[in-house]
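# Fold and geometry: a report
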There are 2 protein chains.
Amino acid sequence: MQIYCFFVEEEFQSQLLNNAVTELSRLPGVGRKTALRLALHLLRQDVTITDSLSRSLSELRHGIRYCAVCHNISETVVCPICASTTRDKSVVCVVENVKDVMLFENTGIFNGLYHVLGGVISPIDGIGPDKLEIDSLVERIKAGGVSEVILALGATMEGETTNFYIFRRLAGTDVKITQLARGVAVGNDIEYTDEITLGRSLRDRTLFNG
Amino acid sequence: MQIYCFFVEEEFQSQLLNNAVTELSRLPGVGRKTALRLALHLLRQDVTITDSLSRSLSELRHGIRYCAVCHNISETVVCPICASTTRDKSVVCVVENVKDVMLFENTGIFNGLYHVLGGVISPIDGIGPDKLEIDSLVERIKAGGVSEVILALGATMEGETTNFYIFRRLAGTDVKITQLARGVAVGNDIEYTDEITLGRSLRDRTLFNG
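My aim in this report is to walk through the structure given alongside it, one point at a time. The model shown is predicted, which means the values in this text are computed figures rather than measured ones.

## Thoughts on the sheet that holds strand β6 (residues 176–179) of chain B
Residues and elements named next belong to chain B. Spatially, the 4 strands line up as an open sheet ordered β4-β3-β5-β6, and their pairing is parallel. For this open sheet the edge positions go to β4 (113–116) and β6, each flanked by a neighbour on one side alone. When the angles between neighbouring strand axes are averaged without regard to direction, this sheet yields 25°. Two elements, strand β3 (residues 91–95) and strand β5 (residues 148–151), share 4 bridges in a ladder whose sense is parallel. When the sheet's bridge partners are listed, V94 is paired in β5 with L151. Lying over the sheet, helix α7 (residues 134–142) contacts β3, β4 and β5, oriented at roughly 150° with respect to β4.

## Side note on helix α6 (residues 98–107) of chain A
Here α6(A) has its buried residues at A:V98, A:D100, A:V101 and A:M102. Among the structural elements, β2 (73–74), α5 (80–83), β3 (91–95) and β4 (113–116) of chain A together with α2 (15–24) and α3 (32–44) of chain B are those in contact with the buried residues of α6(A). If you check the start of α6(A), you find a side-chain oxygen 3.1 Å away from the backbone N of A:K99, and it comes from A:N97.

## A look at the interface of chain A and chain B
At the interface, 52 residues of chain A touch 54 residues of chain B. At the boundary of chain A with chain B, total buried surface from both sides reaches about 5000 Å², with 69% on carbon and sulfur atoms. Three residues stand out in chain A for area buried against chain B, namely A:L16, A:L43 and A:R61, and they jointly supply 14% of the buried area on that side. At the junction of chain A and chain B, the tally comes to 0 salt bridges. For the interface between chain A and chain B, the tally reads 13 residue pairs in polar contact (both at pLDDT 80 or more). The element best represented in the side of chain A that touches chain B is helix α4 (residues 47–63) of chain A, accounting for 15 residues. Each residue belonging to the side of chain A that touches chain B can be placed in one class, and the counts come to 25 nonpolar, 15 polar and 12 charged.

## A closer look at the pattern of salt bridges
With the rule as written, the count across this model stands at 12 salt bridges over all chains. Salt-bridge contacts for A:D135 lead to A:R169; the nearest nitrogen and oxygen are separated by 2.9 Å. Here the residue A:D135 occupies a position in helix α7 (residues 134–142), and A:R169 occupies one in helix α8 (residues 157–169), the gap between them amounting to 34 residues. Judged by relative accessible area, which is 43%, A:D135 ranks as partly exposed. When the shortest N-O distance is used, the salt bridge between B:D204 and B:R203 registers 3.1 Å. Overall, the relative accessible area of 59% leaves B:R203 in the exposed class. Linked through salt bridges whose partners overlap, the residues forming this network are A:R200, A:R203 and A:D204.

Procedures and definitions
Residues numbered from 1 in each chain as written. Chains lettered and ligands numbered in written order. Predicted model: local features only at pLDDT ≥ 70, side-chain atom pairs only at ≥ 80, totals over all residues. Heavy atoms only, no water. Pairing = 2+ DSSP bridges. Helix = DSSP H or I, 4+ residues; strand = E, 2+ residues; numbered from the N terminus. Axes fitted to C-alpha atoms, helices over the stretch in contact; angles between N-to-C directions. Contact = heavy atoms within 4.5 Å. Buried < 20%, exposed > 50% of the residue type's maximum accessible area, 1.4 Å probe, protein only. Polar contact = N/O pair within 3.5 Å; in protein donor to acceptor, adjacent residues only side chain to side chain. Buried area = accessible area lost by both parts, 1.4 Å probe. Salt bridge = Lys/Arg side-chain N within 4 Å of Asp/Glu carboxyl O. Nonpolar A, V, L, I, M, F, W, Y, C, P; charged D, E, K, R; others polar.

It is worth stressing that arrangement in space is one thing and function is another; only the former is reported here.
What follows is the structure, encoded as structure tokens:
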């Protein structure tokens, strides 16, 4: 493996190309072949394209900070969602990551605040509760003003474990704890829905309003 | 379409994230979704990862030049292949682009020099012979010292057109002009080989050496 990598790296006679390909191939889903294609593409384009890309990545990484309240990405100490005066501060939606905030915002039906955990509990990946923003969530709830916590983590084993851990941690408080409905995905056929989901969707059936 | 793009761009509350996603999505095969995934990945990684990536791309684009002889990428005026004293300078392999040089070098069986055209003639894409390094190839051959030109372009209509154009341009010279063998690809079944290729492979059959 070491020898193979060495060979592959040697094939570019340019150290500059080698460096660029090595750095590009650190990106998720980008192997050395794709990295080479990207690098050669940039070489064919106007120099301003590479300059803008390079500058924007550097500015992103150095300029972005995380909201002191919800840990969403932000360019200010407190993010626009937490700082908003029109949002319902009594409902906190607990999500795994920054992207989930975007997804829920895009639904356009949630007007509360968020709390970004930064992951889910996953002992196999060495991620315990201490690596997540769970302590800060508990503090935030105990500080008062929140009446409902929506657990909006994935319906995976890790997500359910994290849900249950947070539920236990918030046991002493009088906050209402809810979770996302489980059921048949909109647009999905019954035939392709697994039995556990079907069971949940049957148990948690809702009134049909015609 | 305009409205949709606007909406998608608006969904990130951070201008820094917007910029990075926009620049990343200019890369070939990278849409806004992938660009967002890459940007968020970089945000989760150590700051040195982004710094190295950003720097290496900038150094690549600003530092790479093209060999004055063969137009392959190079960090020096003449590339290591052209400058080599052990390579056979009497054979010039004409290829479409920089990547093809790497591919032929990886075969390990070619010891001549290259000439990188920078593309193939494609009227539909507005690429005429004047946009390619064909004049410089003709000059190079006419300067003498080359006994064979190998046309190593793709077996496509554009490749064949370019082959024929170069053949015509070199008509006055006494250089031998060859092209890559057409035939059944190694590892391929006869069943999945098209008729034109099969015909060529039959016509150009070689002696079986057991």
